[in-house]
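So the chains spell out like this:
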Amino acid sequence: MNSFTYVRARNQAEALSSLKDAKFSLPVFKGGGLDLVDHMKEGLIAPDALIDVRGVRGEGDLAGNGPDAVEMKGEVIRFPAAMTLAQAANSAVLRKFAPVVAMTAGSAATPAVRNVATVAGNLLQRPRCWYYRNSQFNCLKKGGSTCFAVEGENAYHAIFSTGSSPGPCHIVHPSNLAPALMVCDAVVHTVGNADRKEIPIGKLFHGPEKGVTSEHTLEAGELITHITMKARPVSGFYAIKEKQSFDWPLVFACVAIEMAGERIGKAEVVAGAVAPVPWALPAVAAALKGVDPKDERALTEACALAGKGAKPMRDNGYKVGLLSVAVKRAVMKAAGVAIAGEEGR
Amino acid sequence: MAEGVSRRSFIKTAGLSAAATMGPGMVEVALTVNGAARKVKIDPAATLLETLRVDCNLTGAKEVCDRASCGACSVLVDGKLVCSCMMLALDAQGCAVTTVEGLVGADGKPDAVQAAFIKHDALQCGFCTPGFVIAARALLNVNPKPTLAEIKGALAGNICRCGAYTNIFNAVLEASGQAVVADGG
Ligand SMILES: Cc1cc2nc3c(=O)[nH]c(=O)nc-3n(C[C@H](O)[C@H](O)[C@H](O)COP(=O)(O)OP(=O)(O)OC[C@H]3O[C@@H](n4cnc5c(N)ncnc54)[C@H](O)[C@@H]3O)c2cc1C
Ligand code: SF4
Ligand code: FES
Ligand code: FES
């Protein structure tokens, strides 16, 4: 790893002014540092200043120091950007009022990673494409001229595209948390060069057709301070992985529903690990309306729409079928319907 | 005063000196490891694992994957399980670091988890063992009687290349005063 200056910012002003300090040529904000250190060990980036922002918790009095960093006022839930995934998974507020977020955070990575990884770092982590992560492959995302996944090993790549045709880069968005926050209509709050900004989470990410070397829309020097979102008490998450212990999901789904009696009155469905951005499935959400979640046949039919429009690559066609299953099971989790074979898990 | 800035946060940010910076180049750092205060001179890029092994001569935590993917380098930082290979030593300043060496009691007796690992032969080559012991200790500190599923979840970030898992799970059950699973082999 390259050497650097370590800066511990105690508040927003210090974080922002350190990032603009002329003596640094490539300063970066650091949350838990997991993705940054990974990149530095691999020689993919060489920042000359790491600004630790975990002491920066946004405006006002939300220090995030209490037993639960999550705060709820009326229907609005708020938490600091430097909250860890473990804190999110264990938050009593999230478990009760937005279980999809607690479940997703608790299923990501490993216990040791969750103790360190921050919410902002999870949203802004770079993709896991193995060509991108390997310094030997100078792919499009690193300024090269080829996407090695097209002809190469693409079992874990995208089946949907944000542009009119697939590519030019075929990553899946790496954040497990992002789709969960999307079904809760989350807003990302930032401070930066100009004013405070409020970015609806769906607008935080962009596809490769809008720029292949980045995945998010923040400007350089913009600091995420906190997240606000709506309560979604009837919500759930389901991931399909190759291993039962920790693993990146092959596909996963986040669902929030509002029941009208025994039937679904309204649904929001966002899938992960299938596209370069968190992938909303409005057609499935519309089809779920009026379905009784205990009626497995009706549920299966509605969720079968999930793979519509997919354009799989050579080795990832299996994701299309898995996606319908993940969505169906996420609805069942949300509605508290038992999933056969998973009793006691 | 700008909108959205409370009086309190204004007072907190106004008139402050520059943020605390360390490096580039070697910096002196105070760490608390296994209850003892230590001063080490390290590069800001040093990981906690390197600092523990090289500068503190505590070689219990092992380097295997070097990417937070195997758990061999597990230590506790303020009681929380972390992979020391991916944590900067500077991030552990002001925190209490516990390594596997620190689990041994003042009387020299092994921790209940260590004793149970020995009793259940919960290892083959032993390279993953310090990490598993620390991860199990982190679990039992917050959940003294975990179910088997909870044990598996808590150890999900630790990999044993020799496949000693059944005995490892039994050791953790034993250390928490519970019956071991029938198939101990
Ligand atoms: C073994 C393993 C398994 C994993 N499995 C999963 C998984 O299943 N699902 C999943 O979602 N993730 C997984 N991850 C990834 C992990 O969740 C991320 O690496 C982690 O969340 C990054 O968070 P961090 O705080 O350490 O980020 P950092 O490395 O500190 O930062 C990441 C990026 O965010 C920027 N940043 C950080 N904070 C801010 C802020 N407040 N404002 C602006 N920019 C900021 C940094 O500049 C950097 O660009 C896994 C990681 C490992 C090692
Ligand atoms: S999918 Fe994207 S990150 Fe992966 S090789 Fe292609 S261009 Fe690079
Ligand atoms: S060496 Fe740190 S997790 Fe493998
Ligand atoms: S005992 Fe050999 S790796 Fe676990």
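> Got a minute to help me understand the site of ligand 2 in this structure?
Around ligand 2 sit 13 residues, and of these Cys129(A), Cys139(A), Cys147(A), Cys169(A) and His170(A) come closest. Looking at the shell around ligand 2 residue by residue, the classes come out as ten nonpolar, two polar and one charged.

> How should the side chain of Thr99(B) be read in this particular structure?
All names here are of chain B. Mapped onto the secondary structure, Thr99 falls in the loop between strand S6 (96-98) and helix H3 (112-119). For Thr99, a relative accessible area of 2% puts it in the buried group. Engagement of the side chain of Thr99 in a polar contact is seen with the side chain of Glu101, the distance being 2.6 Å.

> Can you help me understand the packing of helix H12 (residues 296-303) of chain A against helix H13 (residues 318-335) of chain A in this one?
A packed helix pair is summarised by two numbers, namely the angle formed by the two axes and the spacing between the axes. Residue and element names in this part refer to chain A. Between H12 and H13, whose axes approach to 9 Å, the crossing angle comes to 130°. In terms of orientation, H12 and H13 fall into the oblique class. Viewed along their axes, H12 and H13 form a crossing whose handedness is right-handed. Across the interface between the two elements, Glu296, Leu299, Thr300 and Cys303 of H12 pack against Ser324, Val327, Lys328, Val331 and Met332 of H13. Its residues assigned to classes, the contact of H12 with H13 comprises five nonpolar, two polar and two charged.

> Looking at this model, I keep getting lost on the pairing of strand S3 (residues 49-52) of chain A. Mind explaining?
When a strand is regular, its side chains alternate between the sheet's two faces. Residues and elements named next belong to chain A. Alternating residues of S3 divide into Ala49 and Ile51 and Leu50 and Asp52, and every residue in both groups is buried. Two strands pair when backbone bridges link them, and strand S2 (residues 27-30) and S3 are joined in this way by four bridges, in the parallel orientation. If you follow Phe29 over to S3, its bridge partner there is Ile51. Regarding the hand of the β-α-β motif, the stretch spanning S2, helix H2 (residues 34-42) and S3 is right-handed.

> Looking at this model, I keep getting lost on the site of ligand 1. Mind explaining?
Neighbouring ligand 1 are 31 residues, the closest being Phe29(A), Gly31(A), Gly32(A), Gly33(A) and Thr118(A). Ligand 1 is flanked by residues contributed from chains A and B. The backbone of Leu36(A) places a nitrogen or oxygen atom 2.9 Å from an oxygen atom of ligand 1. Asn176(A) has a polar backbone atom sitting 2.8 Å from an oxygen atom of ligand 1. Protein contact buries 94% of the 990 Å² of open area that ligand 1 shows by itself. Secondary-structure elements contributing two or more residues to the shell around ligand 1 are S2, H2, helix H7 (119-124) and strand S8 (223-230) of chain A. Take the shell around ligand 1: its biggest share by element is four residues, from H7(A).

> Would you mind showing me how to read the domain arrangement of chain A here?
Quoted interface sizes are often the accessible area lost when the parts come together. Residues and elements named next belong to chain A. When the domains of chain A are assigned, the result is domain 1 (1-56) and domain 2 (67-124 + 173-335). For domain 1 and domain 2, the distance between their C-alpha centres works out to 28 Å. Opposite the twelve residues of domain 1 that make contact, domain 2 presents 13 residues. Interface area for domain 1 against domain 2, summed over the two sides, is near 970 Å², with a carbon-plus-sulfur share of 71%. The largest per-residue losses of area from domain 1 upon contact with domain 2 belong to Gln12, Leu16 and Leu34, which jointly make up 41% of the total buried on that side. Our count for the domain 1 to domain 2 interface comes out at zero salt bridges. Applying the counting criterion to the domain 1 and domain 2 interface returns zero residue pairs in polar contact (both at pLDDT 80 or more). Element by element, the count of residues in the side of domain 1 that touches domain 2 is highest for helix H1 (residues 12-20), at five residues. Taken together, the residues that form the side of domain 1 that touches domain 2 break down as seven nonpolar, three polar and two charged.

> Honestly, the domain arrangement of chain B in this entry has me stumped. Any pointers?
Residues and elements named next belong to chain B. By the assigned domains, chain B splits into domain 1 (27-102) and domain 2 (112-175). Taken together, the contact between domain 1 and domain 2 spans 15 residues of the former and twelve residues of the latter. In total, about 1000 Å² of surface goes out of reach between domain 1 and domain 2, with carbon and sulfur atoms giving 68% of it. Interface area lost by domain 1 to domain 2 is led by Lys62, Leu81 and Val100, which between them contribute 40%. At the junction of domain 1 with domain 2, the criterion picks out four residue pairs in polar contact (both at pLDDT 80 or more).

Parameters at a glance
Residues numbered from 1 in each chain as written. Chains lettered and ligands numbered in written order. Predicted model: local features only at pLDDT ≥ 70, side-chain atom pairs only at ≥ 80, totals over all residues. Heavy atoms only, no water. Near = heavy atom within 4 Å. Nonpolar A, V, L, I, M, F, W, Y, C, P; charged D, E, K, R; others polar. Helix = DSSP H or I, 4+ residues; strand = E, 2+ residues; numbered from the N terminus. Buried < 20%, exposed > 50% of the residue type's maximum accessible area, 1.4 Å probe, protein only. Polar contact = N/O pair within 3.5 Å; in protein donor to acceptor, adjacent residues only side chain to side chain. Axes fitted to C-alpha atoms, helices over the stretch in contact; angles between N-to-C directions. Parallel < 35°, antiparallel > 145°, perpendicular 65-115°, else oblique. Left-handed = near helix turned anticlockwise from the far one by under 90°. Contact = heavy atoms within 4.5 Å. Pairing = 2+ DSSP bridges. Right-handed = clockwise from strand over helix to strand, strands pointing away. Areas by Shrake-Rupley, 256 points an atom, 1.4 Å probe, with all protein chains shown as cover. Domains from an automatic or database assignment. Buried area = accessible area lost by both parts, 1.4 Å probe. Salt bridge = Lys/Arg side-chain N within 4 Å of Asp/Glu carboxyl O.

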